[in-house]
Amino acid sequence: MVDVIDELPAATAVYEGLMAQIHERRAELEATSADADALRTLPPPAVEILRELGIFWLKVPEELGGNPIDPLQFSDVIEELAYIDASLGWTAMIGAGSGGIAASLLPDDGAKEVFLDAPARPTFAGQPRARTMAKRVDGGFIVSGRWSFSSGIHHADWVIGGFHTEDEDPPNPFGTGFIVPKSQATVFDNWHVAGLAGTGSSDYALDEVFIPTTHTGMRRGVPPKRSGALWRQEPLVLVGNELPAVAVGIARRALDRVVEMAAGTIRGIGGTPLAERPAFQQALARAEVQWRAARLVYRDAVGEAWEAVLRDGQAPERANLAVATAQTYVTDACAEVVMEVVRFGGGRVIALSNPLQRHLRDALAARQHLAATDEHYERAAQEWLRRAHGEGTAP
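Residues numbered from 1 in each chain as written. Predicted model: local features only at pLDDT ≥ 70, side-chain atom pairs only at ≥ 80, totals over all residues. Heavy atoms only, no water.

## Examining the overall build of the protein chain
Inference 1: Check the secondary structure of the protein chain and you find 13 helices and eight strands.
Inference 2: Against the compact-globule benchmark of 21 Å for 395 residues, the protein chain has a radius of gyration of 22 Å, which places it among compact chains.
Inference 3: Expressed as lengths along the three principal axes of its C-alpha atoms, the size of the protein chain is roughly 80 × 55 × 40 Å.
Inference 4: Taking all 395 residues of the protein chain together, the buried fraction comes to 53%.
Inference 5: In the protein chain, the share of contacts with a sequence separation of at least 24, taken over all contacts with a separation of at least 6, comes to 76%.
Inference 6: Only carbon and sulfur atoms are counted for the fraction: they give 54% of the accessible area of the protein chain, which is about 17400 Å².
Inference 7: Taking the 37 positively charged and 52 negatively charged side chains of the protein chain as two groups, their mean positions are separated by 5 Å. (Helix = DSSP H or I, 4+ residues; strand = E, 2+ residues; numbered from the N terminus. Rg over C-alpha atoms; globule rule 2.2 N^0.38 Å. Buried < 20%, exposed > 50% of the residue type's maximum accessible area, 1.4 Å probe, protein only. Contact = heavy atoms within 4.5 Å. Areas by Shrake-Rupley, 256 points an atom, 1.4 Å probe, with all protein chains shown as cover. Lys, Arg positive; Asp, Glu negative; His and termini not counted. Charge placed at Lys NZ, Arg CZ, Asp CG, Glu CD.)

This is how it looks when you write it as structure tokens:
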């Protein structure tokens, strides 16, 4: 066991300054991201603000030019951005998570080249899970293939992907992750979706691209190359405290919009304003409680896992599973919150110009993310049962 450590000494100052700037620039952020759905990617002015605020480097070590903050602080930032605009929060979430993966797992030479020798701090899009078989050559690999759901790829400098090799040792179901300059990839204009439309989560492909070993090596289960508690988290936890934060931000904005419209909305033959109807009052109160409960569930899980990493150098499987199940529960619960209150808006809500229908589409789209899978419940239950019956302890 190691002593309790504080390896992010500047985090509080970074966090407080960042939250203040987000609040100050909220109107600007809303205006610059307003066309995201129509463009099917975040507009350049919105991306530029995220760059100015340092959002994409909140999980990058200071020695690589980052400005890292702790997981609960990061959750606050993503909640605030998702409240302003779901695609804004999602893009920030993916950008920071992708940067954190690359920064923590790239070999020293590759990390120095990508993060320190570049003219500007790099941005990333993609995911390191293997989708193809690579050919090993002198100094690296030759890779061809296609990867999906690369949120933020249209403004990214690098893309992340993964491959298997025939001589993979030890075998890893996730394969080996890599990065490659986006200029060497073909990006497809195929992001035509109902929800989170402004995230630009397009596919990309590589055709016989050489990837040096210095740009590979990102494997799940291997120790991080960088020191620090933040990067000692289990990889899915490192990037997994963010999906619930987006869902919470979306649901909070939907609740606030419904409250704003309630006084001036009259539905039915009685002529009673929505705000005065007992059925609406009960539904609103239940939705508010459900939102608060969901937010506390994921914050409790993330906080417990983080404290374990600080105290012991790593979180136990029980804590990691709590984060995973919170991802699924909170995303589902927040989508239900939005569905419950939006139905009181009547026919006006189905208009594309009405923001409530966008909140609903975004909440349902977030629910489809792989990190919100019901398999998390299965894994957690299996672990609890194993402990209860195998070790004689209660879950």
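## Details of the packing of aromatic side chains
Inference 1: Throughout the structure, instances matching the rule amount to eight aromatic pairs.
Inference 2: On the numbers, 5.5 Å between centres and 35° between planes, the contact of Phe 115 with Phe 124 is tilted. As far as burial versus exposure is concerned, Phe 115 and Phe 124 are alike and both buried.
Inference 3: Here the aromatic rings of Trp 147 and Phe 178 are separated by 5.5 Å at their centres, their planes lie at 80°, and the arrangement is edge-to-face. On the criterion of sequence distance, the pair formed by Trp 147 in strand E3 (residues 140-150) and Phe 178 in strand E5 (residues 176-181) is long-range, its members being 31 residues apart.
Inference 4: On the basis of relative accessibility, which here comes to 1%, the residue Trp 147 falls in the buried class.
Inference 5: A relative accessible area of 0% places Phe 178 in the buried class.
Inference 6: Three or more aromatic residues joined by ring pairs form one cluster here, namely Phe 141, Trp 147, Phe 163, Phe 178 and Tyr 204.
Inference 7: Here the basic side chain of Arg 146 rests over the ring of Phe 188, its NZ or CZ set 3.8 Å away from the ring centre. (Phe/Tyr/Trp six-rings, centres within 6.5 Å; stacked < 30°, edge-to-face > 60°. Lys NZ or Arg CZ within 6 Å of the ring centre and 35° of its normal.)

## Some thoughts on the confidence of the model for the protein chain
Inference 1: Per-residue confidence for the protein chain gives a mean pLDDT of 91, with 96% of residues at or over 70.
Inference 2: Counting interchain partners and residues more than four positions distant, the pLDDT-below-50 stretch residues 1-5 has 13 contacts. (pLDDT = per-residue confidence, 0-100.)

## Thoughts on the side chain of Gln 73
Inference 1: Looking at where Gln 73 falls in the secondary structure, it is placed in helix H5 (residues 71-84).
Inference 2: Assessed through its relative accessible area of 10%, Gln 73 is described here as buried.
Inference 3: For Gln 73, the contacting residues outside a window of four places in its chain are Ala 11, Thr 12 and Tyr 15.

## Digging into helix H1 (residues 11-24)
Inference 1: A rise of 1.5 Å per residue sets the reference length of H1, with its 14 residues, at 20 Å; its end C-alpha atoms lie 20 Å apart and thus fit the reference within 8%.
Inference 2: When H1 is considered as a whole, its buried residues turn out to be Ala 11, Tyr 15, Leu 18, Met 19 and Ile 22. In an axial view of H1, the angular spread of the buried residues amounts to 100°, which keeps them on one side of the axis. In this structure, H1 carries Ala 13, Glu 16 and Glu 24 as exposed residues pointing more than 90 degrees from its buried face.
Inference 3: Close packing links the buried residues of H1 with helix H2 (26-33), helix H4 (44-53) and H5. (Expected span 1.5 Å × (residues − 1). Arc of directions from axis to C-beta.)

## Examining the packing of H5 against helix H9 (residues 243-262)
Inference 1: The contact between H5 and H9 brings their axes to 7 Å, and the two run at 45°. By the criterion of interaxial angle, the relationship of H5 to H9 is oblique. Considering only the axes of H5 and H9, their crossing is right-handed. Residues Ser 75, Ile 78, Glu 79, Ala 82, Tyr 83 and Ile 84 of H5 pack against Ala 245, Val 246, Val 248, Gly 249, Ile 250, Arg 252, Arg 253 and Asp 256 of H9.
Inference 2: Partitioning the contact of H5 with H9 into residue classes produces eight nonpolar, two polar and four charged. (Axes fitted to C-alpha atoms, helices over the stretch in contact; angles between N-to-C directions. Parallel < 35°, antiparallel > 145°, perpendicular 65-115°, else oblique. Left-handed = near helix turned anticlockwise from the far one by under 90°. Nonpolar A, V, L, I, M, F, W, Y, C, P; charged D, E, K, R; others polar.)

## Section: the sheet that holds strand E6 (residues 186-187)
Inference 1: Judged by pairing direction, the sheet is antiparallel, and its four strands sit side by side in the order E2-E3-E7-E6 without closing on themselves. Since the sheet does not close on itself, it has two edges, and those belong to strand E2 (135-137) and E6, each with one partner. (Pairing = 2+ DSSP bridges.)

## A closer look at the pairing of strand E4 (residues 158-164)
Inference 1: A large share of E4 lies buried, amounting to six of its seven residues.
Inference 2: As judged from the six bridges shared by E4 and E5, these two strands associate in the antiparallel manner. Counterpart to Val 159 in the pairing with E5 is Val 180.

## Focus: the pattern of salt bridges
Inference 1: Applying the stated criterion to the full structure yields 26 salt bridges.
Inference 2: Glu 52 is the salt-bridge partner of Arg 25, the closest N and O atoms lying 2.9 Å from each other. Here Arg 25, found in the loop between H1 and H2, pairs with Glu 52, found in helix H4; they are 27 residues apart in sequence, far enough to count as distant.
Inference 3: By relative accessible area, which is 47% here, Glu 52 ends up partly exposed.
Inference 4: For the salt bridge of Arg 40 with Asp 189, the shortest nitrogen-to-oxygen distance reads 2.6 Å. (Salt bridge = Lys/Arg side-chain N within 4 Å of Asp/Glu carboxyl O.)

## Quick notes on the sheet that holds E4
Inference 1: Across the sheet, which stays open at both edges, the four strands sit in the order E1-E4-E5-E8 with mixed pairing between neighbours. Of all the strands in the sheet, just strand E1 (124-133) and strand E8 (216-218) have a single pairing partner and so form its edges. Adjacent strand axes in the sheet meet at a mean angle of 35°, parallel and antiparallel pairs treated alike.
Inference 2: For E5 and E8, the ladder comprises two bridges, and the chain directions are antiparallel. Within E8, the residue paired with Phe 178 across the bridge is Thr 216.

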